Amino acid sequence: MKRALYLYGGFPGHLPYEVAKWGRGLLAELDFEVEETQDPHRLEEDLAVYDLIVLGYTQTLTTEDLSDRSEARLFEAARAGTGFVGYHGAVAAFRASLPYSWILGASFVEHPGGEAVRVPYEVRIIDHESPLTAGIEDYEVRSEQYIVHVDPSVHVLASTTFDGEPDVPWMAGVEMPVAYTKQFGEGRVFYHAGGHELEEMERPEVTTMVRRGMEWATR
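Throughout what follows, the structure given in this document is the object of discussion. (Residues numbered from 1 in each chain as written. Predicted model: local features only at pLDDT ≥ 70, side-chain atom pairs only at ≥ 80, totals over all residues. Heavy atoms only, no water.)

## Some words on the pattern of salt bridges
And then number 1: If you walk through the whole model with that rule in mind, you get nine salt bridges.
And then number 2: R219 serves as the salt-bridge partner of D51, at 3.1 Å between the closest nitrogen and oxygen. With D51 in the loop between strand 2 (32-37) and strand 3 (52-58) and R219 in the segment after helix 5 (204-217), the pair connects residues that are 168 residues apart, well separated along the chain.
And then number 3: Residue D51 is classed as buried on the basis of its relative accessible area of 11%. (Salt bridge = Lys/Arg side-chain N within 4 Å of Asp/Glu carboxyl O. Helix = DSSP H or I, 4+ residues; strand = E, 2+ residues; numbered from the N terminus. Buried < 20%, exposed > 50% of the residue type's maximum accessible area, 1.4 Å probe, protein only.)

## What about the environment of V189?
And then number 1: Its location among the elements puts V189 in strand 11 (residues 187-192).
And then number 2: The class of V189 is buried, set by a relative accessible area of 0%.
And then number 3: Considered as a pair, V189 and A78 are 111 residues apart in the sequence and their alpha carbons are 8.8 Å apart.
And then number 4: Sequence-distant contacts of V189, that is, excluding residues within four places in its chain, are made with F84, I103, L104, Y180, T181, K182, F184 and W216. (Contact = heavy atoms within 4.5 Å.)

## A look at the nonpolar core
And then number 1: L52, V91, Y100 and M214 are the most contacted members of the largest nonpolar core, which totals 69 residues.
And then number 2: Apart from the residues lying within four places of it in its own chain, the contact partners of Y100 are L55, L66, L74, A90, A93 and F94. (Core = buried A, V, L, I, M, F, W, Y, C linked by side-chain atoms within 4.5 Å.)

## Quick look at helix 2 (residues 68-80)
Along an α-helix, a turn takes 3.6 residues, which lines up residues three or four apart on a common side.
And then number 1: For helix 2, which comprises 13 residues, the first-to-last C-alpha distance of 18 Å matches the rise-based estimate of 18 Å (1.5 Å per residue) to within 8%.
And then number 2: Within helix 2, the full set of buried residues consists of S70, E71, R73, L74, F75, A77 and A78.
And then number 3: Looking at the packing, one finds that the buried side of helix 2 touches strand 4 (83-87), helix 3 (98-104), strand 10 (175-184) and strand 11.
And then number 4: One or two positions beyond helix 2, positive phi appears at G81, with a value near 115°. (Expected span 1.5 Å × (residues − 1).)

## Some details on the sheet that holds strand 10
And then number 1: Pairing within the open sheet is mixed, and its nine strands lie in the order 2-1-3-4-11-10-9-6-7. This sheet does not close on itself; its edge strands, each paired only once, are strand 2 and strand 7 (139-143). The sheet shows a mean angle of 20° between the axes of neighbouring strands, direction not considered.
And then number 2: Set on the sheet, helix 1 (residues 16-29) makes contact with strand 1 (2-10), strand 2, strand 3 and strand 4; between it and strand 1 the angle comes to about 170°.
And then number 3: Strands strand 4, strand 10 and strand 11 of the sheet are contacted by helix 2, whose axis makes an angle of about 75° with strand 10. (Pairing = 2+ DSSP bridges. Axes fitted to C-alpha atoms, helices over the stretch in contact; angles between N-to-C directions.)

Following this line, the structure appears as C-alpha cells:
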C-alpha cells in the first residue's frame, strides 16, 4: 500500500478542515495509507518514507518560514522520488522558505487589486493531451484569483486570464496558471489553485484533475 502524508490546516479563512474531508476521500479512493497532521514541524522528520505528500496548509502569522531541518527533509524526499500535491493556499504557505517554493513551483504574491474576494472567472485547459486533463473542458468558477511567481520549468495544464479588475488595469490579459506539473529531482509535483471553498473542489473537473494529479505524482 502506498503511504501519504497529508498536511492541512493553518489560516481558517480557507476552510482547511472542510476541504481536507474532500482530500481524504480522494486518497481513500486511491488506496493510500494516510498519516494526517496539522503541525508543520512534522516536516522535520523523515519524509522519504512517503510516496506522496499532500499540502493543504496555508500560512498563519506564525508559519511564514520552515526550519532548516524541514527544508532539508523536503529536499531529500523530493530528490528521492516522493511526489508532492498542493492546492490553493499551499503556494501561500512558508513564503520565507525559498526551498519550499522551489519544490512546489510557485509562490503567492497577491490577489488582483489586493482584495481576497471571490470573483467569477474562466479556467481554460491548456494541455488537452495530458492524462491529467483528458476529457476535461474549460469551466467557470467563483473563487479567489492568485497572482503567483511561477518557476519557468512548470508545465501548465490550465490557466486563467486576468481582466484588470479590481484596480489592476496593467494586468488585463495576463495569463496565470491554475494547474501545473513539474519535476524536482526524481519527484513529481502537481498543483491546483482551487480550494478556497469545498464547493469549488467538488466540481467534477477539479476533483478529476486533482485525483489524477495525486495518482500521477505518487512515487
